[in-house]
Amino acid sequence: MVPELRGDRVHLRELTEADVPAWFARATDAESAALAGDPIPESIEAGFVWLARNRERFRQQTGIRWSIVPNGSAESVGSIGLAITSKDERIAELGVVIGRAWWGKGLGTAAAQLVARYAVDALNLAEIRAELLQSNMASRRLLEKAGFRFEAVIPDFDQSDAGSVDGLLYVLRGPDGTETP
Ligand SMILES: CC(C)(COP(=O)(O)OP(=O)(O)OC[C@H]1O[C@@H](n2cnc3c(N)ncnc32)[C@H](O)[C@@H]1OP(=O)(O)O)[C@@H](O)C(=O)NCCC(=O)NCCS
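None of these values were measured; they are calculated from a predicted model.

### Thoughts on the site of the ligand
- What surrounds the ligand is a group of 22 residues, the closest being Gly106, Thr109, Asn136, Arg141 and Lys145.
- Measuring from a nitrogen atom of the ligand, one finds a backbone N or O atom of Val96 at 2.9 Å.
- Within the side chain of Arg141, one N or O atom sits 2.7 Å away from an oxygen atom of the ligand.
- Those elements that place two or more of their residues in the shell around the ligand are helix 2 (30–36), strand 5 (91–98), helix 4 (107–121), strand 6 (127–133) and helix 5 (137–145).
- The residue inventory of the shell around the ligand, partitioned by class, reads 11 nonpolar, seven polar and four charged.

### Structural notes on the pairing of strand 8 (residues 163–173)
- By the bridge criterion, seven bridges tie strand 6 to strand 8 in an arrangement that is antiparallel. Across the sheet, the residue bridging to Ile128 is Leu172, located in strand 8.
- Relative to strand 8, strand 7 (residues 149–160) runs antiparallel, the two sharing eight bridges. Paired with Val153 across the strands is Leu168, a residue of strand 8.

Rules of the game
- Residues numbered from 1 in each chain as written.
- Predicted model: local features only at pLDDT ≥ 70, side-chain atom pairs only at ≥ 80, totals over all residues.
- Heavy atoms only, no water.
- Near = heavy atom within 4 Å.
- Polar contact = N/O pair within 3.5 Å; in protein donor to acceptor, adjacent residues only side chain to side chain.
- Helix = DSSP H or I, 4+ residues; strand = E, 2+ residues; numbered from the N terminus.
- Nonpolar A, V, L, I, M, F, W, Y, C, P; charged D, E, K, R; others polar.
- Pairing = 2+ DSSP bridges.

In structure tokens form, the structure reads like this:
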């Protein structure tokens, strides 16, 4: 079972069917989807596929995703997760989305800090990576405050009719994670 993580501002719990409507609202927010690089789903059914995929990844030990709930509330404001991209090298990628109504309240940062600590201390990961659009200032600040450091520019990260834009790679290393030269 996905472990519950508790912090001062938010707690992170297992995803459930009750999270699907809020997921659909976030996923169909065009600006948010573009920032996160996610396709916009056509119907809420995609939310149940999203839930099943996350459950399967947890069973396979290739990923873990939580619902973000502010303390003192029962309402989920977003989700955050780790996708294990290399089991051998103990590398994971972080993904986080907060619903627009709750942007800028520190909830994303609080959730990322909990997951970063869990990834290093409990999962013993050597490296947690995050890739984002250069223009995603909220995400950059969130990552910096959660202990991630800028690592590299990713050329042609996002390609659209309007042209291509670069992305950024941020990395958080565990105690034995080695710096790339
Ligand atoms: C990125 C995201 C998760 C941040 O979550 P959040 O709860 O709004 O972030 P926080 O409130 O913890 O704020 C983090 C920092 O970003 C700043 N920030 C928030 N919104 C901002 C904006 N629109 N522009 C610039 N900075 C912003 C905050 O002021 C804070 O910095 P500070 O401590 O220096 O003041 C959220 O905006 C989101 O879901 N965006 C759409 C999806 C996305 O981009 N996901 C990440 C993909 S890598």
